[in-house]
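Listed here are the chains, written in short residue letters.
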Amino acid sequence: MPYVDGFLVPVPQKNIDAYREMAQKAGAIWREHGALQFRECMADDVKLGVHTSFPQAVKQEDGELVMFSWIVYESREQRDIINEKVMNDPRMKEMMDPATFPFDGKRMIFGGFKMIVDL
């Protein structure tokens, strides 16, 4: 069964183009190293919840949008191998400096997930 890494990221609206450019470069690297899919989605119909929500999860601030992203792999084992290659890729090292992120990396949420339904 496939394995998925998921991400939530608050991105200032003024940085959307820079974020898209970074994501396109990163996505190409992930795919090159074996990821099956790389998806980046921008909040469109996301409301503040009573108890919890995407905006609350990332402590969304005025002028920010939430990005919902995922990467699909053949398996957890493949994910670990691919992520090691990606993190050691010199093209990624250029993008990994938190000072140059087009978002606040401290509020990014991420994790790995076992897929249980795949239709």
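The coordinates are above.
Residues numbered from 1 in each chain as written. Predicted model: local features only at pLDDT ≥ 70, side-chain atom pairs only at ≥ 80, totals over all residues. Heavy atoms only, no water.

Enquirer: Whenever I open this one, the nonpolar core confuses me. Can you help?
Expert: Looking at soluble globular proteins, one finds that nonpolar side chains tend to be buried together. Judged by nonpolar contacts, the single largest core of 22 residues is most densely connected at V11, Y19, W30, I71, Y73, M92 and F103. Contributing elements (two or more residues each) for this core: β1 (3-12), α1 (16-32), β3 (64-73), α3 (76-88) and α4 (90-95). Considering each element in turn, this core owes the most residues, seven residues, to α1. The residues touching W30, leaving out its near neighbours within four places in the chain, are A35, F38, I71, Y73, I82, N83, V86, M87 and M92. (Core = buried A, V, L, I, M, F, W, Y, C linked by side-chain atoms within 4.5 Å. Buried < 20%, exposed > 50% of the residue type's maximum accessible area, 1.4 Å probe, protein only. Helix = DSSP H or I, 4+ residues; strand = E, 2+ residues; numbered from the N terminus. Contact = heavy atoms within 4.5 Å.)

Enquirer: In this structure, what is going on with the side chain of E64? I would like to understand it.
Expert: As for its placement among the helices and strands, E64 is situated in strand β3. On the basis of relative accessibility, which here comes to 8%, the residue E64 falls in the buried class. For E64, the residues in contact, after removing those within four places along its chain, are P10, V11, P12, Q13, K59 and R107.

Enquirer: How do you make sense of a nonpolar patch on the surface when you look at a structure like this?
Expert: Taken together, the side chains of V46, F54 and F68 define a hydrophobic patch exposed on the protein surface, amounting to about 250 Å² of accessible area. Looking at where F68 falls in the secondary structure, it is placed in strand β3. (Patch = residues over 30% accessible without salt bridge, like charges linked within 9 Å, V, L, I, M, F, W, Y side chains within 5 Å. Areas by Shrake-Rupley, 256 points an atom, 1.4 Å probe, with all protein chains shown as cover. Salt bridge = Lys/Arg side-chain N within 4 Å of Asp/Glu carboxyl O.)

Enquirer: What am I meant to see in the environment of F7 here?
Expert: Along the chain, F7 falls in strand β1. Discounting chain neighbours no more than four positions away, the residues touching F7 are M67, F68, S69, W70, I71, M108, I109 and F110.

Just distances and angles here, no functional claims.
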